[in-house]
Amino acid sequence: GDLYGPFWICTTLVFTMAMCGNLAHYKKAADPADWHYDFSKLSLAATVVYSYASIVPTLLWTLMKWKATTSPSLLEMFCLYGYSLFLFIPISIVCVFPAVGDDIQWGLVMTAAVITGAVLVANLMSCLANLPRTYHGSAVVLAVAAHLGMAVVSRPDR
């Protein structure tokens with residue numbers, strides 16, 4: 001594996017989240033002439049996406065390396081988490097369209113979270129199964145909670 005795909009998926013998601021978040025606020029502005037681009041959205045998106053794509057896989061890899069009988073490589077973990085973010089890119093773009101209401105936006109975001117979360121769990125389950133029972137639940141909770149948090153933050157109109 002290489003890190004080009006995960007890096008560019010994360011980078012594209014960062015800029016998509018920032019752009020779509022600003023576009024959503026522009027569309028809601030009472031007077032578009034008074035609207036200004038909010039660069040803090042770019043900083044927040046970069047912090048959230050790169051933290052999620054680097055810290056969560058590192059923590060899970062460390063736990064599996066420390067306590068499991070077998071574990072994937074750190075590179076494989078980065079690739080798995082980086083590629084899992086792809087679906088959030090088109091979801092961020094679709095959520096900006098005016099015809100897409102709040103309920104549909106949340107439905108799309110949660111659908112993407114369930115699909116990508118299922119892919120993550122399916123790929124991690126064989127490795128997590130090698131963990132002692134005392135750590136298994138904590139690892140699953142960490143993976144699921146971090147993924148849901150990432151999904152909620154990826155919604156552009158926040």
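Preceding this section is the structure that the text describes.
Visitor: Describe the packing of helix α5 (residues 102-128) against helix α6 (residues 133-154), listing the residues and the values that go with them.
Guide: Direction vectors running N to C along α5 and α6 enclose 155°, while the axes themselves pass 9 Å from each other. Considered as vectors, α5 and α6 are oriented roughly antiparallel to each other. Along this stretch, α5 crosses α6, giving a crossing that reads as right-handed. Where α5 abuts α6, its residues Trp106, Val109, Met110, Ala113, Thr116, Gly117, Leu120, Met125 and Leu128 lie against His136, Ala139, Val140, His147, Leu148, Ala151, Val152 and Ser154. Along the lines of polarity and charge, the residues of the contact of α5 with α6 split into 12 nonpolar, 5 polar and no charged.

Visitor: An account of the nonpolar core is requested, with residue identities and associated values reported.
Guide: Among the nonpolar cores identified, the biggest contains 36 residues, and Leu60, Met64, Tyr81 and Leu85 are the most heavily contacted of them. When contributions to this core are tallied by element, the ones reaching two or more residues are α1 (4-28), α2 (40-67), α3 (74-84), α4 (88-94), α5 and α6. With 9 residues, α2 is the largest single contributor of residues to this core. Leaving out residues up to four positions away in the same chain, tyrosine 81 has contacts with Tyr52, Ala53, Val56, Pro57, Leu60, Leu120, Leu124 and Ala143.

Conventions adopted
- Residues numbered from 1 in each chain as written.
- Predicted model: local features only at pLDDT ≥ 70, side-chain atom pairs only at ≥ 80, totals over all residues.
- Heavy atoms only, no water.
- Axes fitted to C-alpha atoms, helices over the stretch in contact; angles between N-to-C directions.
- Helix = DSSP H or I, 4+ residues; strand = E, 2+ residues; numbered from the N terminus.
- Parallel < 35°, antiparallel > 145°, perpendicular 65-115°, else oblique.
- Left-handed = near helix turned anticlockwise from the far one by under 90°.
- Contact = heavy atoms within 4.5 Å.
- Nonpolar A, V, L, I, M, F, W, Y, C, P; charged D, E, K, R; others polar.
- Core = buried A, V, L, I, M, F, W, Y, C linked by side-chain atoms within 4.5 Å.
- Buried < 20%, exposed > 50% of the residue type's maximum accessible area, 1.4 Å probe, protein only.

Everything listed here is a matter of coordinates, which is why it stays silent on function.
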